[in-house]
Structure formats: C-alpha cells, structure tokens
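# Understanding the architecture of this molecule
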Amino acid sequence: MTSPDSGVPRLVIAAPSSGSGKTTVATGLMAALAGRGLAVSPHKVGPDYIDPGYHALATGRVGRNLDAYLCGPELVGPLFLHGARGCDIAVVEGVMGLYDGAAGEGELASTAQVAKLLRAPVVLVVDASSQSRSVAALVHGFVSWDPEVRIGGVILNKVASDRHEVLLREAVDSVGVPVLGVLRRAPQVDVPARHLGLVPVAERGSEAVDAVTAMGAQVAAGCDLEALVGLARAAGPLPGGSAPWTPGPVPTHHPTRWDKGSPQRVAVAGGAAFTFSYAEHSELLAAAGAEVVTFDPLRDEELPEGTAGLVIGGGFPEVYAAELSANEPLRKSVAELALSGAPVAAECAGLLYLCRELDGLPMCGVLDAAARMSERLTLGYRDAVAVSDSALAGAGTRMRGHEFHRTVVEPGAGAAPAWGMRAPERRVEGFVERGVHASYLHTHWAAEPGVARRFVERCRTS
C-alpha cells in the first residue's frame, strides 16, 4: 500500500463529452484492478450520486465525490486523501466533457481543474463510433488546450472492427499520445437510464452486479492495465501541504449501542427510494456525537427506536410514490417526530416525502405543500444563503449547492424559507418549520462542518 503522504497512484478518466463511455471505463477499470487484488479508491468529479454507487460495487469501498464548486478547490485534495487512505491506487471518474465546469465560472468544478488540483494524469475516453482520422484532431485539441492538464493516454470506445481500430490507432499515433485501450460495443455493459440519469445500483440488485462484472471483463480484455497502473504511479506527490480531510474525532464516550434516554440517535433514510447521500455527512454526524442508524422508508414501518433527529436525502420517491404512500405507519411516525420539534433535514427527495402529497398520493403531511412530476428539468449549481435560523444553519450562513429534479413543489417556499438563492437567479426556496429544514438544494456538509455539529446539538436539546 502507498501512504497518502507519498502520493497515492491515481488516474482521472475523462472524455470530450458526456455519453462517451466514462462511467463504463472508469467502473470497469476499478473492477479490473480490484480483481487483481489492488485496493482501489473510487472517486467521482462533481455532485453526481449515482455513478459512485457503481464504483462502490466495483471496489468494495465507498464511492466519494470531488466537487470544487460545492466544497471549494482547497478541499479537493484533502477529501481525495481521506477517501484514498490505505489504498494502492485511485481512479477518478470525470464529469461531462474534460473542460466543462460550472456555468459561467471558467474551469471551476471541471474535470480538468480537479486533475490539476490532484496533479493526476488524465486518460481520455473517446467515442470513436462515427470517426476515423478525425480522432487525431479531436485528441490534439484536448491535449493542447491547457498545457497544465497532462493527458497520458487515450482509450478508444465503441470501435466497430479491426480495420476501424487500425485507422484510429494510426491517427492517434500521429498526435504522440499512446492508445491504452480499445473497446468494442458491448450491450451487456450498458446501464439503463431514466429521467435523472442512470438507474441506481440499489434498484437493480443482481443486474447491477452483472453489469459491473461485464465492465471489468471488457476493460481487462481491451485495455493495457500495466500501462494504466504505470501511468497512475507516475502521478507523484500531491501539492505541498495537502493532508487528509477529517470529520473530527468520534467521541470516546459514544455508545456502541443505543441506550434509552440518549438524545443523539440520528436516523438516515436509505433503501431504493433514497439513494443520494454523501458519505461524509454520516461521518460528520458521528464525529459530532451522533449514533447514525439507516432505515428504509419502503420497508420499515417505524423509525428506529430512540430517534432524536432525522436526515432524508435525495433519490427517487416519485418512482416509489405508491409504496411510500402505502407505508402509512412510517409516514405517521415521521410526522410525529417532526411535529415534536425534533431536527429533520430533508433534501430534494426528502422534501417531496415530507409534503402533503406527491402526484396525488398521500405523503407524510409535515409540510402544507403538494409535489408533482414535471416535464421541466431543474439542474445546476446554486449559490445560496440561509434565510431563516434552522436546525442546520443560522440565518446568513452561505453555502453552495446543486439542484437536480423533474418535480415541482407548490408553494415553493414556506413562510420561513430555507434558502435565498444568490445565483444564477434570485429567489427564495424551501421550508423551515419547527425543527424541519426541507429544500431542493443538495449541499455537501464537508464545506461547512458546523452544519452537522449544529444538527446533533439540536438533537440533544430539542
């Protein structure tokens, strides 16, 4: 194993655009390397929750996000080292095209920026299905655009035939960039998608396992794994001063099992309907003194015994609206906890679950609002400020977040809104009622650790 101080061997898997095959290659590479006995640390550039689920399946480790907009460029290295601690190699899957970042913010939050912050070589995955010699111009453009980005090789994806491969290799050779892999079309590695992207691992079960196994086999057969590992080892040390991020020490008095009367048990929604969560959130809650317990709103009929606080993250409640509605005992349990004044943090899917109804089906009724599916996709980074004091943040706290949904909640804000959006447009959004903080905005608590500490403290005192 390589210690974080000496520089974890690492690669960034990028592409000219979305749809080129980054997820297939990155996940397949993780699985292939893990299959060779390496401890592989999986990472994803950007706010996406779904790809890290496939990464975790491939590696047996938690998939972690590296988002320079949500957390700031200064936390990219520390969060990377936190996730990669004790690993032999790290694979970072990019987002969108290599140089695409937050709209109007230059390189901020782009794969290229993260690669530079990590001093990691980039492997460019090119969809070669509709080109031959032109691939040289494309690769040359990406290599020369930013001299600080080191593109160490190319993987040619969706290659049609042996003859097609020869033409592509000749073209890329002329640019002086090595071809590190050639992949043919393989339907068995395809992952089904729907209105918000790929279908999460938690919903696919054995099908997801089979897909990841196929990705690993395809990459192992079509790529030069030795060359890829060699490239990763050439990354060298991270920038000086980088140290692993830490959520803080877990209190030594923390109970190993729940003891009646403890005010610190925090229930976190999981299962197929609520799959969107950053691992650092639970780590921060635990470091603040909470006992974190996961429950499944599709299956469990009551909250875990002794629940003092509730966190309901993102996911796909619209897909499971009928099942969530049918679990009336749990809906009542959630409503009772919220009405008691206990801290409840709900993001996006959690917001919908707390509404009076979703697409006409009864939900928890904590908020006097109705949610419904919409044809309009709301997507993008947000610069926000807390409007109202809540269990998560004091009024005036500034955080950056991300919205990603095809639903509408009416009204969009309560008498005490959760957030005021500073950019890209000014508006208020979300609800603060009693101990409830509910909003569409996804945030990353590592950027503001006081959020978790405040939440746990409210659990003690509410």
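Residues numbered from 1 in each chain as written. Predicted model: local features only at pLDDT ≥ 70, side-chain atom pairs only at ≥ 80, totals over all residues. Heavy atoms only, no water.

You'll find the protein entered in an unreviewed UniProt entry as Hydrogenobyrinate a,c-diamide synthase, with Streptomyces salinarius given as the organism. Among the UniProt annotations of the protein, the heading Function (unreviewed entry) holds the following wording: "Catalyzes the ATP-dependent amidation of the two carboxylate groups at positions a and c of hydrogenobyrinate, using either L-glutamine or ammonia as the nitrogen source." One UniProt comment on the protein, placed under Catalytic activity (unreviewed entry), says "hydrogenobyrinate + 2 L-glutamine + 2 ATP + 2 H2O = hydrogenobyrinate a,c-diamide + 2 L-glutamate + 2 ADP + 2 phosphate + 2 H(+)". (UniProt positions renumbered as here; feature names shortened; annotations may be inferred.)

On to the overall build of the protein, then. Scanning the protein from terminus to terminus reveals 14 helices and 22 strands. What you see for the protein is a C-alpha radius of gyration of 23 Å, in line with the 23 Å of a compact globule of 462 residues. Referenced to the eigenvectors of the C-alpha coordinate spread, the extents of the protein come out at roughly 70 × 45 × 40 Å. A buried classification covers 58% of the 462 residues belonging to the protein. Restricting the contact set of the protein to residue pairs at least 6 apart, pairs at least 24 apart contribute 75%. Carbon and sulfur atoms form 51% of the exposed surface of the protein, whose accessible area is close to 17900 Å². (Helix = DSSP H or I, 4+ residues; strand = E, 2+ residues; numbered from the N terminus. Rg over C-alpha atoms; globule rule 2.2 N^0.38 Å. Buried < 20%, exposed > 50% of the residue type's maximum accessible area, 1.4 Å probe, protein only. Contact = heavy atoms within 4.5 Å. Areas by Shrake-Rupley, 256 points an atom, 1.4 Å probe, with all protein chains shown as cover.)

With that settled, consider the packing of helix α1 (residues 22-35) against helix α2 (residues 50-59). Any two packed helices are characterised by how steeply their axes cross, that is the angle between the axes, and by the distance between the axes. Closest axis-to-axis distance for the α1/α2 pair is 8 Å, and the angle between their directions is 20°. Between α1 and α2, the angle falls in the class roughly parallel. In this structure, the crossing between α1 and α2 has a hand that is right-handed. On the side of α1, the interface is formed by Thr23, Thr27, Met30, Ala31 and Ala34, while α2 contributes Asp51, Tyr54, His55, Ala58 and Thr59. Its residues assigned to classes, the contact of α1 with α2 shows five nonpolar, four polar and one charged. (Axes fitted to C-alpha atoms, helices over the stretch in contact; angles between N-to-C directions. Parallel < 35°, antiparallel > 145°, perpendicular 65-115°, else oblique. Left-handed = near helix turned anticlockwise from the far one by under 90°. Nonpolar A, V, L, I, M, F, W, Y, C, P; charged D, E, K, R; others polar.)

As a further point, take the pattern of salt bridges. Applying the stated criterion across every chain, the model contains 23 salt bridges. Residue Glu165 is joined to Arg169 by a salt bridge in which the shortest nitrogen-to-oxygen separation is 3.0 Å. Highlighted residues: Glu165 and Arg169, both in helix α6 (residues 162-173), separated by four residues, approximately one helical turn. It is possible to trace a salt-bridge network through shared partners that takes in Asp162, Glu165, Arg169 and Arg184. (Salt bridge = Lys/Arg side-chain N within 4 Å of Asp/Glu carboxyl O.)

With five of its five residues buried, strand β10 (residues 265-269) lies for the most part within the structure. Because side chains alternate across β10, one face comprises the buried residues Arg265, Ala267 and Ala269, and the other comprises Val266 and Val268, equally buried. Strand direction decides the pairing type here: β10 and strand β11 (residues 291-295), joined by five bridges, are parallel. Looking across to β11, one finds that Ala267 is bridged to Val293. With respect to chirality, the unit in which β10 leads through helix α10 (residues 279-287) into the neighbouring parallel β11 is right-handed. (Pairing = 2+ DSSP bridges. Right-handed = clockwise from strand over helix to strand, strands pointing away.)

Right, let's get into the nonpolar core. Counting residues in each nonpolar core, the largest one holds 112 residues, and the members touching the most others are Leu29, Phe80, Leu98, Leu118, Leu156, Leu285 and Phe455. With residues near it in sequence (within four places) discarded, Leu285 still touches Val266, Ala290, Val292, Val311, Trp445, Ala452, Phe455 and Val456. Core analysis: the next-biggest nonpolar cluster, separate from the first, contains 39 residues, Ala267, Leu330, Val334 and Ala335 among them. (Core = buried A, V, L, I, M, F, W, Y, C linked by side-chain atoms within 4.5 Å.)

We now examine unusual backbone geometry. Residue Pro411 follows Glu410 across a cis peptide bond; omega there is -5°. Considering the arrangement of structural elements, one finds Pro411 in the loop between β17 (398-410) and β18 (419-423). With a phi angle near 60°, Lys158 is a residue other than glycine that sits in the positive phi range. Among the structural elements, Lys158 can be located in strand β6 (residues 151-159). Accessibility expressed as a relative area gives 25% for Lys158, which makes it partly exposed. The phi angle at Cys348 is positive, at roughly 55°, despite the residue not being glycine. With respect to the helices and strands, Cys348 occurs in the loop between β13 (344-347) and α13 (349-354).

Below, the discussion takes up the sheet that holds strand β7 (residues 179-184). Sheets are built from strands that pair by backbone hydrogen bonding, the pairs being arranged parallel or antiparallel. Spatially, seven strands are ordered β3-β2-β4-β1-β5-β6-β7 in an open sheet, and the strand pairing comes out parallel. Each end of this open sheet is capped by a strand with a single partner; those strands are β3 (64-66) and β7. If you compare each strand with its neighbour and ignore which way they point, the axes differ by 25° on average. As paired elements, strand β1 (residues 10-14) and strand β4 (residues 89-93) share four bridges and run parallel to each other. Note on β4: the bridge partner recorded for Val12 is Val92.

Looking now at helix α4 (residues 111-118). Burial of α4 is extensive: seven of the eight residues sit out of reach of the surface. Listed as buried for α4 are Thr111, Ala112, Gln113, Val114, Ala115, Lys116 and Leu118. As for α4, its buried residues are in contact with β1, β2 (40-45), β3, α3 (76-84), β4 and β5 (122-127). The first or second residue beyond α4 is Arg119, which carries a positive phi of 50°.

This part covers the sheet that holds β13. Taken in spatial order, the six strands line up as β11-β10-β12-β13-β21-β20 in an open sheet, and their pairing is mixed. If you trace the sheet from one side to the other, it starts and ends with β11 and β20 (431-433), each paired once. In this sheet, adjacent strand axes meet at a mean angle of 15° when their direction is disregarded. In the sheet, β13 pairs with strand β21 (residues 436-439) via four bridges, with the strands oriented parallel. Of the residues in β21, the one forming a bridge with Ala346 is Ala438.

Take the packing of aromatic side chains next. One pass over the structure, following the stated rule, counts seven aromatic pairs. Centroid distance Tyr99 to Phe142: 5.8 Å. Interplanar angle 25°. Geometry classified as stacked. Separated by 43 residues along the polypeptide, Tyr99 in the loop between β4 and α4 and Phe142 in helix α5 (residues 134-145) bring together distant segments of the chain. Note on accessibility: Tyr99 and Phe142 belong to one class, buried. Between Phe274 and Tyr353, the ring centres sit 5.6 Å apart and the planes meet at 65°, which makes this aromatic pair edge-to-face. With Phe274 in the loop between β10 and α10 and Tyr353 in helix α13, the pair connects residues that are 79 residues apart, well separated along the chain. In terms of burial, Phe274 and Tyr353 fall into one category: buried. The rings of Tyr49, Phe276, Tyr278 and Phe316 are connected pair by pair, giving a single aromatic cluster. The side chain of Arg400 reaches across the aromatic face of Tyr69, ending 4.1 Å from its centre. (Phe/Tyr/Trp six-rings, centres within 6.5 Å; stacked < 30°, edge-to-face > 60°. Lys NZ or Arg CZ within 6 Å of the ring centre and 35° of its normal.)

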